Amino acid sequence: MKSYSSNRVHSAEITPENVYRSRRDFIKLAGLATAGGILSACAPNSGQTSTPGTPQLTPTLFPDTLTPWDSVTHYNNYYEFTISKTDVADLAKNFTTSPWKVQVSGLCSNPQTFSMEQILAMFPSQERIYRMRCVEDWSMVIPWEGFPLNQLMNAVKPTSEAKYVAFIGTLDTAEMPGQAAYNYPWPYTEGLRMDEASHDLTILATGLYGKSLEPQCGAPIRLVIPWKYGYKSIKAVKKIILLAEQPSTFWNTLSPNNYGFYSNVSPRLDATEQRIGESFRRPTLDFNGYADQVATLYTGMDLQINS
Amino acid sequence: MKSKLNCWLQVFCYLAVAAPLIYLVIAYFTNSLSVNPVLTAEQRSGDYAVTLLLVSLTCTPLFLLTGVPVFVRFRPILGLSASFYAFLHFMLFIWPDYGFDFPQILLTISRKPYIVIGLGVLVILIVLAIISLKNVRIALKKNWKTLQRFVYLACVGAVLHYGLAVKGNLLTFRGNVLKPYVYAGILAVLLILRIPPVERVISIGVRKRAFRKETQDPV
């Protein structure tokens, strides 16, 4: 098993702070961006030699710096606990994350139920620094620890009929007070097309900032799909089911006009976002900056219709 | 004695409408507006505006029920502060949030049509704030009262703006729609109380007061 842990990028290496400090520079950069995006070649280089094919934070016009651990763990959308992003950390702190089992079933020849211990032993964790873009127009840069979902799927051997993957979260009204609200379709559910789920950027995360995941961030195990809006990255996954048909998903069930099944970041150009810790908005990148890696998954698809 | 009480009530009322602003400023400087202070302040200021609008609508029914004139005395300051928070909400949207980037603001409006409703409400509230100036009020004569009626439209617009802005679906009652529906329910009751026949029924306090005056005042 190859490990990417040698590619750990420290925040100071990603962005020289002075580069993005002032608003004036920000505006100047924005002006130059519209003038042709020539600066993209000048994005700060982390100075690391990268293994070919190693997923890394794509260098972008506006430098990315790691969002502080405190922000990542104290501003969470986790409706199972509360709809208040700042109250989640406190409400989730006693959530039972051990023992934990993940059941993988459906159209596969080797369905299995994995304990967390088995998962951690079978799939060595790697660091993945990803942008996280919330549909609420804010974003973070997060150093996850985890492993590609395709490794877990290979272990259960999907059959050729498997076209979609459904993810089912935790249903526990005793531990998750937010689930008492009846006007949400509990438990949380998400779904991906098979090729999206098998993509190397799609990971199951078990850690954050080199430590194990905090309950408010989806402990013990959560999905992370960096090119889709944050709500696709389901927390505290209990079941993974391989299916022939597209599964229903939490937000799409709630409000189909606003939340499509695909939910790729910014299929409409020119959106902006508030990066947590910054003073002004920055442009939202197509596929959240991962277009080079994932745009081909959607060739020939109209992402306005399949939003 | 009575005037002293009124004076204290007035101080209390001014403090009450200023409290959310003081809180926002303190929270901003003590970093307790979450790690996304702009979004938080935007949402809070909008919430204050809607709440104050609804509170200002309770003044007349309370006066009619009790006959205590204090309730209508504080109606203007409640309405004006609602206008202020709505304006603050708008300013936070166009400046700290969007940095006066008007092309981007227009793009956002085109994608989120509820903002148009919010802007309409803001226009009404600003007009109402301007006509509350004494000189303008006198100049407008009877038209003033007609113009004031637009506050009902502003209230409906404000609650609708809020309901459409939250994540969820108003039609299927799913998502974060509970609070907007509570506001809508309160607004519905307050509007019903202003329908003339209903108003006559609830004017218990005012009638009593008038009766007392008639019987007590020596002519």
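Residues numbered from 1 in each chain as written. Chains lettered and ligands numbered in written order. Predicted model: local features only at pLDDT ≥ 70, side-chain atom pairs only at ≥ 80, totals over all residues. Heavy atoms only, no water.

Describing the interface of chain B and chain A
Keep this limit in mind: In this description, contact between two residues means that some pair of their heavy atoms is separated by no more than 4.5 Å. Throughout, buried area stands for the accessible area (probe radius 1.4 Å) lost by two parts on being put together, summed over both. The term salt bridge refers to a side-chain nitrogen of Lys or Arg lying within 4 Å of a carboxyl oxygen of Asp or Glu. Throughout this description, a polar contact denotes any pair of N or O atoms lying within 3.5 Å of each other; where both atoms belong to protein, one of them has to be capable of donating a hydrogen while the other can accept it, and for residues adjacent in sequence the pair is counted only when both atoms sit in side chains. Numbering of helices and strands runs from the N terminus; a helix is a DSSP stretch of H or I covering at least four residues, while a strand is a stretch of E covering at least two. Residues are sorted three ways: Asp, Glu, Lys and Arg are charged, Ala, Val, Leu, Ile, Met, Phe, Trp, Tyr, Cys and Pro are nonpolar, and all the rest, Gly among them, are polar.
Across the contact, 22 residues belong to chain B and 33 residues belong to chain A. Both sides together, the interface formed by chain B and chain A hides about 2,200 Å², and carbon and sulfur atoms give 48% of it. Among the residues chain B hides against chain A, the three largest losses belong to V35, K167 and R174 of chain B. Together they make up 29% of the total. Where chain B packs against chain A, one counts three salt bridges. The closest approach of N and O atoms between D97 of chain B and R281 of chain A, which form a salt bridge, is 2.6 Å. Taken together, the connections running from chain B to chain A amount to nine residue pairs in polar contact (both at pLDDT 80 or more). Residue assignment for the side of chain B that touches chain A shows that the elements contributing at least two residues are helix 4 (75-97), helix 5 (102-111), strand 1 (168-169) and strand 2 (174-175) of chain B. Broken down by class, the residue content of the side of chain B that touches chain A amounts to eight nonpolar, nine polar and five charged.

Structural notes on the packing of helix 9 (residues 150-165) of chain B against helix 10 (residues 178-192) of chain B
All names here are of chain B. Worth spelling out the cut-off: Here, axes are lines fitted to C-alpha atoms. For helices the fit covers the stretch in contact, and angles between N-to-C directions go from 0 to 180 degrees. Small angles under 35 degrees read as roughly parallel and large ones over 145 as roughly antiparallel, with 65 to 115 read as roughly perpendicular and the rest as oblique. Helix crossings fall into two classes, left-handed where the near helix is turned counterclockwise from the far one by less than a right angle and right-handed where it is turned clockwise.
Remark: helix 9 packs on helix 10, axes separated minimally by 9 Å, with the N-to-C direction vectors making an angle of 165°. By the angle between their directions, the pair helix 9 and helix 10 is classed as roughly antiparallel. Crossing hand, helix 9 versus helix 10: left-handed. Across the interface between the two elements, Y152, C155, V156, V159, Y162 and G163 of helix 9 pack against K179, P180, Y183, A184, L187 and L191 of helix 10. Considering only residue class, the contact of helix 9 with helix 10 consists of ten nonpolar, one polar and one charged.

Examining the confidence of the model for chain B
Note the threshold: The pLDDT value expresses, per residue, how confident the predictor is, ranging between 0 and 100.
Averaged over chain B, the pLDDT score is 92; the fraction of residues at 70 or greater is 97%. Of the two predicted TM-score estimates for the complex, the pTM is 0.85 and the ipTM is 0.87.

Considerations on a positive patch on the surface
Residue and element names in this part refer to chain B. Put simply, the rule reads: Patches here are clusters of residues that have more than 30% relative accessible area and form no salt bridge, with a 9 Å joining cutoff for like charges and a 5 Å cutoff for nonpolar side chains (Val, Leu, Ile, Met, Phe, Trp, Tyr). Residue burial considers only the protein chains on display, and all accessible areas are found by Shrake-Rupley using a 1.4 Å probe. By the counting rule applied here, Lys and Arg register as positive and Asp and Glu as negative, while His and the ends of each chain are not counted. Taken as the charge location is NZ of Lys, CZ of Arg, CG of Asp or CD of Glu. The rule is simple: take the accessible area with a 1.4 Å probe, protein chains only, and divide by the maximum for that residue type; under 20% is buried, over 50% is exposed, in between is partly exposed.
A contiguous patch of positive charge, built from R75, R137, K145 and R149, is present on the exposed surface. Mapped onto the elements of the fold, K145 is located in helix 8 (residues 143-148). Overall, the relative accessible area of 58% leaves K145 in the exposed class.

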